[in-house]
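Secondary and tertiary structure notes
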Amino acid sequence: MMPSTMIIMTADPGLLQHWGPLSSTFQTVVYNQWLPLPTQVAQPLVIVDTALPGLPEADDVSIAELTARSKTVFVSSTPSDVEGVRWLSCGAVGYCHAFAVHNTLQHVLDVVADGGLWVGRNMMVTLLRGLQAVPTFSVVPSLAGLSEREREVALMAAKGYANKEIARSLNITERTVKAHLTAAFTKLGVTDRLQLALHINGIQ
């Protein structure tokens, strides 16, 4: 179910103003300091400014409780891959620059509201290559439902290769790579490369 409530946690008036146009389709609540989620709000979309006063450390139990009860996106005015990985590892479904252009932020919201994970390209590669070595399809039963080419494309994507690199390696067009990935995502029930890699590694 798509979230109907957006909770924005920030004490930065500029950030709040920047996100304002994006929150118009939600019932929006603003916290200017760290507070637990109200129990009556079911699975909201939560935007957390990493500079929020009182924000606990990523390994704090209250962060785990937050991410378990909401679709949480952490945003930073000075983002880094290290920080992003830390928040994603505690259950967040997104991490991005707090002042990215509205088109990018809208894409982030669309992806996570629809059940996906969102991170930037560089962090995606960091996360994918930080996973254990991607196994061959012969030991991943769910890949048996893919065609041979879909398996090849899926395994390379799960290792962090870009579409252009996959196309060059397999001597096919980028358009064909995208078609195979789309088919693989649908058959495996995932929405993006990160979920694909987690699925193949048996993590999700």
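Structure report, in brief. (Residues numbered from 1 in each chain as written. Predicted model: local features only at pLDDT ≥ 70, side-chain atom pairs only at ≥ 80, totals over all residues. Heavy atoms only, no water.)

Attention shifts here to the pattern of salt bridges. If you walk through the whole model with that rule in mind, you get two salt bridges. As a salt-bridge pair, Arg 149 and Glu 152 come within 2.8 Å of each other at their nearest N and O atoms. Of the two residues, Arg 149 and Glu 152 are both situated in helix H6 (residues 148-158); the distance of three residues between them amounts to about one turn of the helix. In this structure Arg 149 comes out as partly exposed when scored by relative accessible area, which is 31%. Given the relative accessible area of 29%, Glu 152 is considered partly exposed. (Salt bridge = Lys/Arg side-chain N within 4 Å of Asp/Glu carboxyl O. Helix = DSSP H or I, 4+ residues; strand = E, 2+ residues; numbered from the N terminus. Buried < 20%, exposed > 50% of the residue type's maximum accessible area, 1.4 Å probe, protein only.)

With that settled, the discussion passes to helix H3 (residues 81-88). Burial in H3 covers these residues: Glu 83, Gly 84, Trp 87 and Leu 88. Buried residues of H3, viewed axially, fall in a sector of 130°; they line one side. (Arc of directions from axis to C-beta.)

Turning our eyes to something else, we now look at the pairing of strand S1 (residues 5-9). Walk down a regular strand and you will see the side chains alternate between the two sheet faces. Here S1 lies mainly inside the structure; five of its five residues are buried. On S1, burial covers both faces: Thr 5, Ile 7 and Met 9 on one face and Met 6 and Ile 8 on the other are all buried. Where S1 meets strand S2 (residues 27-31), five bridges bridge the pair, whose relative direction is parallel. When the bridges of S2 are listed, Ile 8 appears paired with Val 30. As a crossover connection, the stretch from S1 through helix H1 (residues 13-19) into S2 is right-handed. (Pairing = 2+ DSSP bridges. Right-handed = clockwise from strand over helix to strand, strands pointing away.)

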